[in-house]
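# Topology and contacts: notes
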There are 4 protein chains.
Amino acid sequence: MSHNTFGHLFRVTTWGESHGPAIGCVIDGCPPGMALDEADLQHWLDQRRPGTSRFVTQRREPDRAEILSGTHDAGAGPVTTGAPVSIMIRNEDARSRDYDEIARQYRPGHADYSWQAKYGVRDPRGGGRSSARETALRVAAGAVARKVLGEGVRFSCGLVQLGEHVIAPDRIDWSAAARNPLFALSDAAAEPWQAYLDGVRKDGSSVGAVVALRVQGVPPGWGAPVYGKLDAELAAAMMSINAAKGVEIGAGFGAAALRGEDNADEMVPGEGGRPRFLSNHAGGILGGVSSGQDITLRVAFKPTSSILIARRSVDVDNNAIEVRTRGRHDPCVAIRAVPVVEAMAACTLADAMLRHRAQTGR
Amino acid sequence: MSHNTFGHLFRVTTWGESHGPAIGCVIDGCPPGMALDEADLQHWLDQRRPGTSRFVTQRREPDRAEILSGTHDAGAGPVTTGAPVSIMIRNEDARSRDYDEIARQYRPGHADYSWQAKYGVRDPRGGGRSSARETALRVAAGAVARKVLGEGVRFSCGLVQLGEHVIAPDRIDWSAAARNPLFALSDAAAEPWQAYLDGVRKDGSSVGAVVALRVQGVPPGWGAPVYGKLDAELAAAMMSINAAKGVEIGAGFGAAALRGEDNADEMVPGEGGRPRFLSNHAGGILGGVSSGQDITLRVAFKPTSSILIARRSVDVDNNAIEVRTRGRHDPCVAIRAVPVVEAMAACTLADAMLRHRAQTGR
Amino acid sequence: MSHNTFGHLFRVTTWGESHGPAIGCVIDGCPPGMALDEADLQHWLDQRRPGTSRFVTQRREPDRAEILSGTHDAGAGPVTTGAPVSIMIRNEDARSRDYDEIARQYRPGHADYSWQAKYGVRDPRGGGRSSARETALRVAAGAVARKVLGEGVRFSCGLVQLGEHVIAPDRIDWSAAARNPLFALSDAAAEPWQAYLDGVRKDGSSVGAVVALRVQGVPPGWGAPVYGKLDAELAAAMMSINAAKGVEIGAGFGAAALRGEDNADEMVPGEGGRPRFLSNHAGGILGGVSSGQDITLRVAFKPTSSILIARRSVDVDNNAIEVRTRGRHDPCVAIRAVPVVEAMAACTLADAMLRHRAQTGR
Amino acid sequence: MSHNTFGHLFRVTTWGESHGPAIGCVIDGCPPGMALDEADLQHWLDQRRPGTSRFVTQRREPDRAEILSGTHDAGAGPVTTGAPVSIMIRNEDARSRDYDEIARQYRPGHADYSWQAKYGVRDPRGGGRSSARETALRVAAGAVARKVLGEGVRFSCGLVQLGEHVIAPDRIDWSAAARNPLFALSDAAAEPWQAYLDGVRKDGSSVGAVVALRVQGVPPGWGAPVYGKLDAELAAAMMSINAAKGVEIGAGFGAAALRGEDNADEMVPGEGGRPRFLSNHAGGILGGVSSGQDITLRVAFKPTSSILIARRSVDVDNNAIEVRTRGRHDPCVAIRAVPVVEAMAACTLADAMLRHRAQTGR
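Here we summarise the structure given alongside this text. The model shown is predicted, which means the values in this text are computed figures rather than measured ones.

### Some remarks on the overall build of chain A
Per the secondary structure count, chain A includes eight helices and 18 strands. The C-alpha atoms of chain A give a radius of gyration of 21 Å, which matches the 21 Å a tight globule of 362 residues would have. Expressed along its principal axes, the backbone C-alpha trace of chain A runs to roughly 65 × 55 × 40 Å. Taken across its 362 residues, chain A has 69% of its residues classed as buried. Once local pairs closer than 6 in sequence are excluded, the contacts in chain A between residues at least 24 apart make up 69%. For chain A, the accessible area works out to roughly 11300 Å², and carbon and sulfur atoms hold 47% of it. In chain A, 42 side chains carry a positive charge and 41 a negative one; their mean positions are 2 Å apart.

Here it is as structure tokens:
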């Protein structure tokens, strides 16, 4: 219900502005008795951390997550108690500077105008609440969600398109993401893409991208009819990420061009009394419920709106101005979104798992 | 929260199976004092009604919606009272036949296997709860949502792609939908597309499509950060429609190929102290909040899974079988989805309007 | 969230006005595979049915509940499918008469003025949405909740106070309710109370009462900190019943007069590794979570507001009037509330059970 | 939905354990543009602060609330931005000591056993999540809620019963609470009650109490049928406070003894076209909706469970033990609950105000 809360039973509420004293989240609904400490969060936060390569913003934040509640160490290491887990990350590198100018501008592609129109007030420092800094908390919450899901549910994620450069579906190598700073899902693409992105960066420009996700190990049965469909929940989760403009499940928009007999995922008798599917156009979800196949989806991200190239805009008094973003920025915001896509999927699936267990007892 | 409820303040709960005695919905949270009678619903239901052309299923249902509660006529015609509006549509053409065979089959592309895996039981008659028949209730609820929104918010919707046939963005004519049975957004495409779809139908096959939606008249300020983003809510709404496989807002997946300076929607001073945008890659939503521009989105639908062409599958005992759907079916389910896409957008926006009013008093 | 919905995972949404065509409810979140037919509902509805004695309103309704969705009979009788269960009761005895006068009056103790102030419109026929007729749906939903809980959870309920007549705590006989038409929890009180209530009725007056409830068989662990306390959920459930004015758990208001050492429920080693409690001032709930003891609570009901004795009031134009209720009415609305109290407790507990299972897997 | 969240549109989520590094809350849904700084919170926190008299626990905490997000100072002092307001209070006086013994005990009247049964793990330090320390956050949230409500809504609150000592309804003086450390609603009672409570404290015992609340200035129309009744929401709010065992609205349990003609609140023509009520047995709520009269309610609190007098209990291995609470404790927990009752009412009413505005636009 709440604007800043995600999930139904595994619920994540985030708070904080880019240049306030701290950002944080509260995770309610955690199963009790799960081992959880700050190192569990840090592992995933470090993946996302800005400043790790020349392709992501040079803001230097240690992004050190503190767990303030919800765990107790009775001697064998901290475990969740069933109480809300509060996580806080201090903002240590919120460079103080003059925000008077930016406070008067509506930057194209940013939330400046629409939020001002909504609230009549906004925190202009570093984008305030609309900053991508908030996504660090999604990654932290995702780390907790992974604990809920257990090791059987495995995530692979990376870029399959950078600007106009596309990795053909049959060339996707899910293991490649770990081997290049762009999380590109192809070793062959990694080098030329870095060169290309260097050029974009030097131009003071930015470029969009498409992130692909695969989740293995989800059992059949998670999700629900009709409005609680697993694909609907995943779509909302992904579209809530900054700069996301599109989501597709399985064959996605490609399915629009297919005939029924080609799109159908045929089944043959499989092991354990379960069907074996011969293809996966459905992306692992049928009728809103997981089928036991891999869940696959793709998310389109627009290019970073903050660029060094001047764009026309207006100020709060409706005067014509030119906007040019100074300072650090990401040439492709989708790179940092990769761990966020994974984390949002983990949160969505943890929630689906608990909801399934509630209704069916399984 | 509930699996079968949509919306937060304008809340729609639907119930009913394809071949049960009736289907229905309960709409809670309606503002009081709105004129509302059954003719208001019927107008939109008739648009969606099966049996109106050779391109949609030949099941003949009058789809007559009854309003059972929530309105009162004090003399000047029925108006909403603020109490829940209950709408019921009787199932009059649920042909009785033998479902024993279908009850044992897992049809490819259908919810049969995943729902059986989830619940251990399912109603096989006409797809039960997973039938697209449920979408009639979305259309009825959408009719109520339009009343909440008022006439200033206007919807245009139709097909921009049918199988591999695409209407170029600069050839889209939003008014064309009303002039052909496919809701195609181009007069030029209407004829050849009908011929093409006739061929698909005669082959016993089906084909996917892409539906485009434009909403005019939404004021700036609806929607919310961070998880309550208007685009996230719209994405969930669209992805909850049967056979939907992808959603994109504004430039969508196309934005992934753009550079920042090309994607930026520049602003110049406009009338009434508001900026005028020079383009609309954002699709009318910035930072999750409406900007006052047209809201534009596109939804990809897979081809109808029920086809006359045999596909391999398994039965409930994991035996290999062949599945071939007999009886009526739609060669392109997206055609009937057009009024549903509109309706879901209307419900989402009505909800956003009420939530905005709650927080800001505007 | 919704005004007309109760529960989180076992969710009941009711709709309908006293004199509309029907009333109904939709229950979402039911576990699948539970045997459920209309006779299961009727058993409990018949308990509550008006017209069964001279102490409850003489309106004659068969209150026949139809199940319109959510169950499927694969041969061994209908079972729940996990889809929403829609229940409808037609209004067959909504006597048509002239509501013009009542539409202009604000009856003391009724929702007339406050609802008019809220909505600017109201359905005056038989109280519309505010009629106690809505409680039939709570009883129907409670019948479904009992199925979720299973036979181990057992309810006892009845009157412990009628007007100024009180049954002393040590004289309460839970089995007595079944033996008198007032559900009085004492055989000794039954006769004199009937004589007393006859007098009240003949006076054209009404009287308040206190209903006591005991639930046996709830395992330790249901409920939750801090705002989801089981006692908080039960209090809301009870206070949502028409005419309820107070709720107390265990020793309740009596606990205010106690000292800590007297209020403490001491424990001694019990069977199965569990403590045995030596008293139950807590009413079976500690820290918002069930302790395994009997859950006990009491609900105070005000006297029926519809009486034959004239009271001063105003009309919609703020003119002074006298109001005297004509027609059928209950001399003590709490009698009909007894099955409703039971039903609301069953719904609350079924919800708590599912929520507990979601978080803990038990 | 969430166990640790209160409210629908004005939503408060609290986190933290008594002896962890901090406790905090996140308030989502705040209207934008409200002046809000830490002094606003501190004013109310100081009222509740432990250590202010010999009648409340001697734990010395400055209870200094920090606002970490959701406000922005554009020059004229901080105002809310519509983003979530995060409030944190550090635990500075969490005396370190040996919790090994208490970790093995089930203290009578505490959540120890029931939470252990639920979660299989618990934080025993100072009661962990079940500590009344959490109520400081309710007071902080209440301070924000008061800002939402504006100065027209005024709260009066205090004790009307301490142990067996009762202030007669016609002797209640709402202004007296400010003049004595017990918040007693009678100057005459203040002195003897302090002497009485000194005796209780010296005995190592504790005693229960009843808190009365009056809210003036609530306009007619807040609240909703049927499950969203304002009295149901208030009842849940009050019953969620530690040690609360009963809630009554208006005449409450006293209404059970009344006849209809005595309980009816008669109306005569009043000013501004509104009725004037001649009595207020209803407690300002009719049919779940505020009537414009004062809202009045009473909450019963049990005696503090932590007492110096030994009580029988069992340990985690089901061995018989004696429990005697050492260290600081409140002889009457209801005294500290007074500001909490006010705060919970403020939060509930702020939520009702926003919900009313959403549905009706007023």
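### Thoughts on the interface of chain B and chain C
Much of the literature gives interface size as the accessible area that the parts lose upon coming together. Listed per partner, the contact involves 38 residues of chain B and 38 residues of chain C. Buried area between chain B and chain C, summed over both chains or domains, comes out near 2900 Å², and the portion from carbon and sulfur atoms is 65%. Taken as a group, Trp15, Leu68 and His72 of chain B account for 18% of the area that chain B buries against chain C, more than any other trio of residues on that side. The tally of links from chain B across to chain C stands at zero salt bridges. Scanning the region where chain B abuts chain C turns up six residue pairs in polar contact (both at pLDDT 80 or more). If you list the elements that add at least two residues to the side of chain B that touches chain C, you get β2 (11-16), β3 (22-28), β6 (78-80) and β7 (85-90) of chain B. Ranked by residues supplied to the side of chain B that touches chain C, first place goes to β2 of chain B with five residues.

### Observations concerning the interface of chain D and chain C
In this assembly, 109 residues from chain D lie in contact with 109 residues from chain C. Buried surface at the junction of chain D and chain C, both sides included, amounts to about 8700 Å², of which 59% is carbon and sulfur. On inspection of chain D and its partner chain C, the count reaches six salt bridges. The salt bridge partner of Glu266 of chain D is Arg312 of chain C, with a shortest N-O separation of 3.2 Å. Linking chain D with chain C are 52 residue pairs in polar contact (both at pLDDT 80 or more), by the criterion used here. Sort the elements by how many residues they give to the side of chain D that touches chain C and helix α3 (residues 112-119) of chain D lands first, with six residues. The class makeup of the residues in the side of chain D that touches chain C is 51 nonpolar, 36 polar and 22 charged. Of the pairings in the sheet, the one linking strand β11 (residues 244-249) of chain C to strand β11 (residues 244-249) of chain D comprises three bridges and is antiparallel in character. Along β11 of chain D, the bridge assignment pairs Gly246 of chain C with Glu248 of chain D.

### Let's talk about the environment of Glu342 of chain A
Residue and element names in this part refer to chain A. By the secondary structure assignment, Glu342 is in helix α8 (residues 333-360). A relative accessible area of 8% means that Glu342 is categorised as buried. Considering only alpha carbons, one finds Glu342 and Gly272, 70 residues apart in sequence, at a separation of 29 Å. Leaving out residues up to four positions away in the same chain, Glu342 has contacts with Trp44, Arg146, Phe155, Cys157 and Leu213.

### Focus on α3 of chain D
Where burial is concerned, most of α3 of chain D is hidden: six out of the eight residues are buried. Along α3 of chain D, the positions that sit buried rather than exposed are Asp112, Tyr113, Ser114, Trp115, Lys118 and Tyr119 of chain D. Its buried side turned inward, α3 of chain D meets β13 (275-277), β14 (285-286), β15 (289-290) and α8 (333-360) of chain C. One or two positions beyond α3 of chain D, positive phi appears at Gly120 of chain D, with a value near 75°.

### Let's talk about the pairing of strand β17 (residues 311-314) of chain A
Here β17 of chain A runs beside strand β18 (residues 320-323) of chain A; their pairing, made up of four bridges, is antiparallel. Directly across from Arg311 of chain A, in β18 of chain A, lies its bridge partner Val323 of chain A.

### Remarks on the packing of aromatic side chains
In the structure shown here, the tally under the stated rule is 18 aromatic pairs over all chains. Ring plane angle 65° and centroid distance 5.2 Å describe the contact between Tyr106 of chain A and Tyr113 of chain A, whose orientation is recorded as edge-to-face. Under the relative-accessibility criterion, Tyr113 of chain A is labelled buried at 7%. Relative to Phe6 of chain D, the ring of Tyr227 of chain C lies with its centre 5.7 Å away and its plane at 40°, an arrangement referred to as tilted. You can see Tyr227 of chain C sitting in the loop between β10 (209-216) and α6 (230-239) and its partner Phe6 of chain D sitting in strand β1 (residues 5-6), one on each of two chains. Both residues of the pair, Tyr227 of chain C and Phe6 of chain D, belong to the buried class.

### Topic: the relation of the copies chain B and chain C
Least-squares fitting of chain B to chain C yields an RMSD of 0.0 Å, with the transformation described by 0.0 Å of translation along the axis and a rotation of 180°. What the superposition gives is, in effect, a two-fold axis relating one chain to the other. Of all interface residues in chain B, 100% are interface residues in chain C too; the two copies therefore contact each other through one and the same surface.

### Details of the packing of α8 of chain A against α8 of chain C
For any two helices packed against each other, one specifies the crossing angle of their axes together with the interaxial distance. The N-to-C vectors of α8 of chain A and α8 of chain C enclose an angle of 135°; their axes lie 8 Å apart at closest approach. One finds that α8 of chain A runs oblique with respect to α8 of chain C. Between α8 of chain A and α8 of chain C lies a crossing of right-handed hand. Contact with α8 of chain A, carried on its side by Leu354, Arg357, Ala358, Gln359 and Thr360 of chain A, involves Leu354, Arg357, Ala358, Gln359 and Thr360 of chain C of α8 of chain C and no other residues of that element. A breakdown of the residues in the contact of α8 of chain A with α8 of chain C according to their chemical character gives four nonpolar, four polar and two charged.

### Regarding the sheet that holds β2 of chain B
Sheet architecture is open: five strands sit in the order β1-β2-β3-β7-β4 (chain B), paired in antiparallel fashion. Each edge of the open sheet is held by one strand with a lone partner, namely β1 (5-6) and β4 (65-67) of chain B.

### Thoughts on the pattern of salt bridges
Charged atoms that come close allow side chains of opposite charge to pair. Using the criterion set out here, one finds 84 salt bridges over all chains in the structure. Notably, a salt bridge pairs Asp315 of chain B with Arg104 of chain B, separated by 3.7 Å at the nearest N-O pair. Taken together, the residues Asp315 of chain B in the loop between β17 (311-314) and β18 (320-323) and Arg104 of chain B in helix α2 (residues 100-104) connect sequence positions 211 residues apart. Here Asp315 of chain B falls in the buried class, since its relative accessible area comes to 9%. Residue class for Arg104 of chain B comes out partly exposed when judged on its relative accessible area of 37%. Across the pair Asp198 of chain C and Arg201 of chain C runs a salt bridge, and its minimum N-O distance is 3.1 Å.

### Focus: the side chain of Ser206 of chain C
Mapping Ser206 of chain C onto the fold places it in the loop between α5 (187-202) and β10. Judged by its relative accessible area of 0%, Ser206 of chain C is buried. Among the polar contacts made by the side chain of Ser206 of chain C, one reaches the main-chain carbonyl oxygen of Thr304 of chain C at a distance of 2.7 Å. If we ignore the near neighbours within four places in the chain, the residues touching Ser206 of chain C are Val200, Pro303, Thr304, Ile307, Asp330 and Pro331 of chain C together with Leu258, Arg259 and Gly260 of chain D.

### Examining the sheet that holds strand β4 (residues 65-67) of chain A
Whenever strands of a sheet pair, they do so through backbone hydrogen bonds, lying parallel or antiparallel. All names here are of chain A. Spatially, β1-β2-β3-β7-β4 is the arrangement adopted by the five strands of the open sheet, whose pairing is antiparallel. Because the sheet does not close on itself, it has two edges, and the strands there are β1 (5-6) and β4. Pairing of strand β2 (residues 11-16) with strand β3 (residues 22-28), which is carried by six bridges, proceeds in the antiparallel orientation. In the strand pairing of β3, Val12 is matched with Ile27.

### Describing the side chain of Ser290 of chain C
With respect to the element layout, Ser290 of chain C can be found in strand β15. Accessibility expressed as a relative area gives 1% for Ser290 of chain C, which makes it buried. Setting aside its immediate chain neighbours within four residues, Ser290 of chain C contacts Val218, Pro219, Pro220, Gly221, Trp222, Leu230, Gly284 and Ile285 of chain C together with Ser114 of chain D.

### Focus on the pairing of β2 of chain B
Residue and element names in this part refer to chain B. Across the six residues of β2, six count as buried, placing the element largely inside the fold. Because side chains alternate across β2, one face comprises the buried residues Arg11, Thr13 and Trp15, and the other comprises Val12, Thr14 and Gly16, equally buried. Relative to β2, β1 runs antiparallel, the two being bridged by two bridges. Note on β2: the bridge partner recorded for Phe6 is Val12. Hairpin connection of β1 to β2: four residues between the antiparallel strands, including Gly7 at a positive phi of 100°. Where β2 folds back on β3, the antiparallel hairpin that results is connected by five residues.

### Quick notes on helix α4 (residues 135-149) of chain A
For α4 of chain A, built from 15 residues, the straight-helix expectation of 21 Å at 1.5 Å per residue is met to within 8% by its first-to-last C-alpha distance of 20 Å. In the stretch just after α4 of chain A, Gly150 of chain A is the one whose phi turns positive, near 85°.

### Re the relation of the copies chain D and chain C
The operation linking the two copies of the chain is a rotation about an axis combined with a translation along the axis. Of the two same-sequence chains, chain D is brought onto chain C (RMSD 0.0 Å, axial shift 0.0 Å) by a rotation of 180°. The overlap is high: 100% of the interface residues of chain D also sit at the interface in chain C, so the same surface is used on both sides.

Thresholds applied
- Residues numbered from 1 in each chain as written.
- Chains lettered and ligands numbered in written order.
- Predicted model: local features only at pLDDT ≥ 70, side-chain atom pairs only at ≥ 80, totals over all residues.
- Heavy atoms only, no water.
- Helix = DSSP H or I, 4+ residues; strand = E, 2+ residues; numbered from the N terminus.
- Rg over C-alpha atoms; globule rule 2.2 N^0.38 Å.
- Buried < 20%, exposed > 50% of the residue type's maximum accessible area, 1.4 Å probe, protein only.
- Contact = heavy atoms within 4.5 Å.
- Areas by Shrake-Rupley, 256 points an atom, 1.4 Å probe, with all protein chains shown as cover.
- Lys, Arg positive; Asp, Glu negative; His and termini not counted.
- Charge placed at Lys NZ, Arg CZ, Asp CG, Glu CD.
- Buried area = accessible area lost by both parts, 1.4 Å probe.
- Salt bridge = Lys/Arg side-chain N within 4 Å of Asp/Glu carboxyl O.
- Polar contact = N/O pair within 3.5 Å; in protein donor to acceptor, adjacent residues only side chain to side chain.
- Nonpolar A, V, L, I, M, F, W, Y, C, P; charged D, E, K, R; others polar.
- Pairing = 2+ DSSP bridges.
- Phe/Tyr/Trp six-rings, centres within 6.5 Å; stacked < 30°, edge-to-face > 60°.
- Least-squares fit on C-alpha atoms with pLDDT ≥ 70 in both.
- Axes fitted to C-alpha atoms, helices over the stretch in contact; angles between N-to-C directions.
- Parallel < 35°, antiparallel > 145°, perpendicular 65-115°, else oblique.
- Left-handed = near helix turned anticlockwise from the far one by under 90°.
- Expected span 1.5 Å × (residues − 1).

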